[in-house]
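Below are the chains, spelled out letter by letter.
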Amino acid sequence: MKHQNLPKSLHKNLQKNLHKRSHSELFTPFLHQGATQRPRYRALFNYLQQQIMAGKLPADARLPSTRELAELLKLSRNTVKQVYEMLQAEGYIETRHGDGSYISPQLQLKAVSKKSPTDNTQTSGIQLSDKSNELHKLRTLHSHSNEQLLLPALPALDQFPWPQWQRSVSHAGRQMKFSSGRSYMGEPELRREIAGYLSASRGIRCNMDQIMICSGSQQGMQLAFSMLLNTGDKVLVEDPGFPGIDGAISTAGGVKVSIPIDEQGFQTDIALNRKQDAKLAFITPSRNYPMGYTLSLERRLQLLQWARQHGRCIIEDDYDSEFRFDGPPLTALQGLDGEHSVIYSGTFSRILHPNIRLAYLVLPPALVEPFNRMRGFLDGGLSALPQLALADFMARGLFASHLRRMRKLYKARRSYLLQRVEHEFGNQLTWEPSDGGMHAVFLLPQGYDDQAIAAKAERLGLGVRALSYYYDQQQPRSGLIIGFAGYNEAQIDQGLKLLKTTL
Ligand SMILES: Cc1ncc(COP(=O)(O)O)c(C=O)c1O
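Remember, predicted model here, so these are calculated numbers, not experimental data. Counting starts from 1 at the beginning of each chain's written sequence and moves along it residue by residue. Confidence filtering applies because this is a predicted model: local features only for residues at pLDDT of at least 70, side-chain atom pairs given and counted only at 80 or more, and all residues used for totals across whole chains, interfaces and linings. Think of the side-chain values as coming from all heavy atoms in the structure, minus any hydrogens and water.

Focus on the overall build of the protein chain
Rules: Counting from the N terminus, the helices are DSSP H or I runs at least four residues long and the strands are E runs at least two residues long. We compute the radius of gyration over the C-alpha atoms and compare it with the globule rule, which gives 2.2 Å times the number of residues raised to the power 0.38. For every residue, the accessible area (1.4 Å probe, protein chains only) is compared with the maximum for its type, and the residue is labelled buried under 20%, exposed over 50%, or partly exposed between those bounds. Whether two residues are in contact is decided by their heavy atoms, any of which lying within 4.5 Å being enough. With residues, only the protein chains shown are counted as cover, and all accessible areas are computed by Shrake-Rupley using a 1.4 Å probe. For the purpose of charge, His is not counted, nor are the chain termini; Lys and Arg are scored as positive and Asp and Glu as negative. By convention, the point assigned to a charge is CZ for Arg, NZ for Lys, CD for Glu and CG for Asp.
Helix and strand content of the protein chain: 18 helices and 14 strands. Computed over the C-alpha atoms, the radius of gyration of the protein chain is 31 Å, more than 25% above the 23 Å expected from 2.2 N^0.38 for a compact globule of 503 residues. Seen through its principal axes, the protein chain has C-alpha atoms that stretch 90 × 55 × 50 Å. Residues classed as buried in the protein chain amount to 52% of the 503 residues present. Counting contacts in the protein chain only where the partners sit at least 6 residues apart, residues at least 24 apart contribute 72% of the total. Accessible surface computed for the protein chain: about 24000 Å², of which carbon and sulfur atoms make up 50%. For the protein chain, the distance from the average position of its 60 positive side-chain charges to the average position of its 47 negative side-chain charges is 10 Å.

So this is what it looks like as structure tokens:
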């Protein structure tokens, strides 16, 4: 078969060298698509690599000379030469002195696939672990978009002191130069600031050595569960509770034991009488997520006693206790003589920005060394830059003043939301009281399907959540979780107007 568009000599050469394979067939796709890609040497390299891997250029076949190919593809000879050199360096071809370039004979064995390596119809055959398959059985987590209205947990991003933050970031850039050795626990400057803040405002008993900086409290929990759980160990959790920990418990081999909550929080009598053998408890004592109930002192003491008596651990997720509107934040569980049994978890996601991904664990002294060692193996610690920026931001008093301002603002925003909801929705939405936070929970009357309402609301651009989604084993209540912290009055009005159309 004669090819119309190839020079005579090249055609002859290819017929001989490529086992009579049609050369135009081989290079026509490149002439059509590859020639438009940039840089051209990379496009030709990729193309030839794919042809070799797909077996279209068989082992020992002779390639056209660089001059012939440059002529055919209308490329400079240097480009083709560079491509041949790259192919040679990676072992696809070999140059035989005075003869030409040949597909490496060894590739006969390796060219197993007829499909190109970038062909996405190819099935990899790679098996996921049982642990990752387990994740598919869990409640899927909501995807977040800061564009949504009434999204719980979104701070007032327009109120954030961006110019001052930028100064802290550039200060951190300069500090990097002097950054001392790497610490898996986190930058000492930030840990010092956090320790000072926690002892002053949260009653936490710790020194900076006990603080480990994490990429979000999700990571902290992942670390804690994998350090403390053996396969089959039970973990007491609140129901309703925070579904974000399900994956961390599951991948660490733990088994969740859901404990109902009431207005005084986690029901310790049920938890401790029936589940003495649990290895640890994960709770949100300052403000249950999502209901907002505070764990009573009596129950706090019971829980601490259980942990001490049986050598158990409590993970205290203190995700937004800073926003208590009716007084200063309550003393953390850790501060109630719990420094040996409690791992305290705090986050900057809600105070500063959800994407800052900085959080911390306060570890009991005995866990510091093992956690530190494990962190070295796991991720080698976090980038110093954002940590140094936050340390500077805190040292300059900007964190504390932002927090004070936001506490006042969120309190006012919540009052506005409650007032507007009462006015617009009457008996359809009943507020479930809480002493603070960034969202409010409203119960729906019987017969209202909160998940259907939330799904409709999402299609309208709202981030309102269905309360029943946060229940695990207990009979769910139907209600809506409405975020107010990140929205001004006009935005709250707009959100509620849209929400009204879904009920
Ligand atoms: C109760 C609770 N704990 C922890 C987290 C996770 O925080 P981070 O963003 O630090 O991973 C959230 C996030 O919203 C939360 O609601």
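Details of the sheet that holds strand β12 (residues 439-443)
Our working rule: Note on pairing: two strands pair once DSSP finds at least 2 bridges between them. For helices, the axis comes from a line fit to the C-alpha atoms of the stretch in contact; other axes are also lines fit to C-alpha atoms, and the angle between any two N-to-C directions lies between 0 and 180 degrees.
Strand order in the open sheet formed by four strands is β11-β12-β14-β13, and the pairing between neighbours is antiparallel. Across the chains shown, the open sheet's two edge strands, defined by having one partner strand only, are β11 (430-432) and β13 (465-466). When β12 meets strand β14 (residues 479-483), the two strands line up antiparallel, connected through five bridges. Note on β14: the bridge partner recorded for Phe442 is Leu480. Lying on the sheet, helix α16 (residues 398-425) is in contact with β11, β12 and β14; it crosses β12 at an angle near 20°.

What about the site of the ligand?
Formally: Distances are taken per atom, and a residue is near a molecule or strand as soon as one of its heavy atoms is within 4 Å of it. For this analysis, a polar contact is any N or O atom pair within 3.5 Å, provided that within protein one partner can donate a hydrogen and the other can accept it, and provided that sequence-adjacent residues contribute only side-chain to side-chain pairs. Cavity means a closed set of points on a 1 Å grid over the protein atoms alone, one where a 1.4 Å probe fits but cannot get out, pocket means an open set with protein on both sides within 12 Å along at least 5 of 7 lines, and lining means a residue has an atom within 4 Å of a point. A molecule is counted as occupying a cavity or pocket when more than half of its atoms fall within 2 Å of that pocket's grid points. In this count, Pro and Cys sit with the nonpolar residues alongside Ala, Val, Leu, Ile, Met, Phe, Trp and Tyr, while Asp, Glu, Lys and Arg are called charged and the others, Gly among them, polar.
Close contacts around the ligand come from Gly216, Ser217, Gln218, Phe242, Tyr289, Asp317, Tyr319, Thr347, Ser349, Arg350 and Arg357, and that covers them all. Here an oxygen atom of the ligand and a backbone polar atom of Ser217 are 2.7 Å apart. Note that a nitrogen atom of the ligand is positioned 2.5 Å from one of the side-chain N or O atoms of Asp317. Contact with the protein chains covers 90% of the free accessible surface of the ligand, which is 400 Å². When atom positions are compared with the pocket grids, the ligand is found to occupy the largest pocket. Per-element accounting of the shell around the ligand gives the leading share, three residues, to helix α10 (residues 216-228). When its residues are assigned to classes, the shell around the ligand shows three nonpolar, five polar and three charged.

Details of the sheet that holds strand β9 (residues 342-347)
Strand order in the open sheet made by the eight strands is β3-β10-β9-β8-β7-β4-β5-β6, with mixed pairing throughout. This sheet does not close on itself; its edge strands, each paired only once, are β3 (211-214) and β6 (265-266). Pairing of strand β4 (residues 234-239) with strand β5 (residues 255-262) involves six bridges; the strand directions are parallel. Paired with Val235 across the bridge in β5 is Lys256.

Comments concerning the confidence of the model for the protein chain
Detailed reading of predicted coordinates is not advised where the pLDDT is low. Here is the rule we go by: pLDDT is a residue-level measure of predictor confidence that goes from 0 to 100.
Confidence along the protein chain averages 90 in pLDDT terms, with 91% of residues attaining 70 or more. Under a pLDDT of 50 for its full length, residues 1-8 has, in the predicted model, 14 contacts with residues more than four places off or in other chains. The model gives residues 113-118 a pLDDT under 50, and that stretch makes 13 contacts with residues more than four places away or in other chains.

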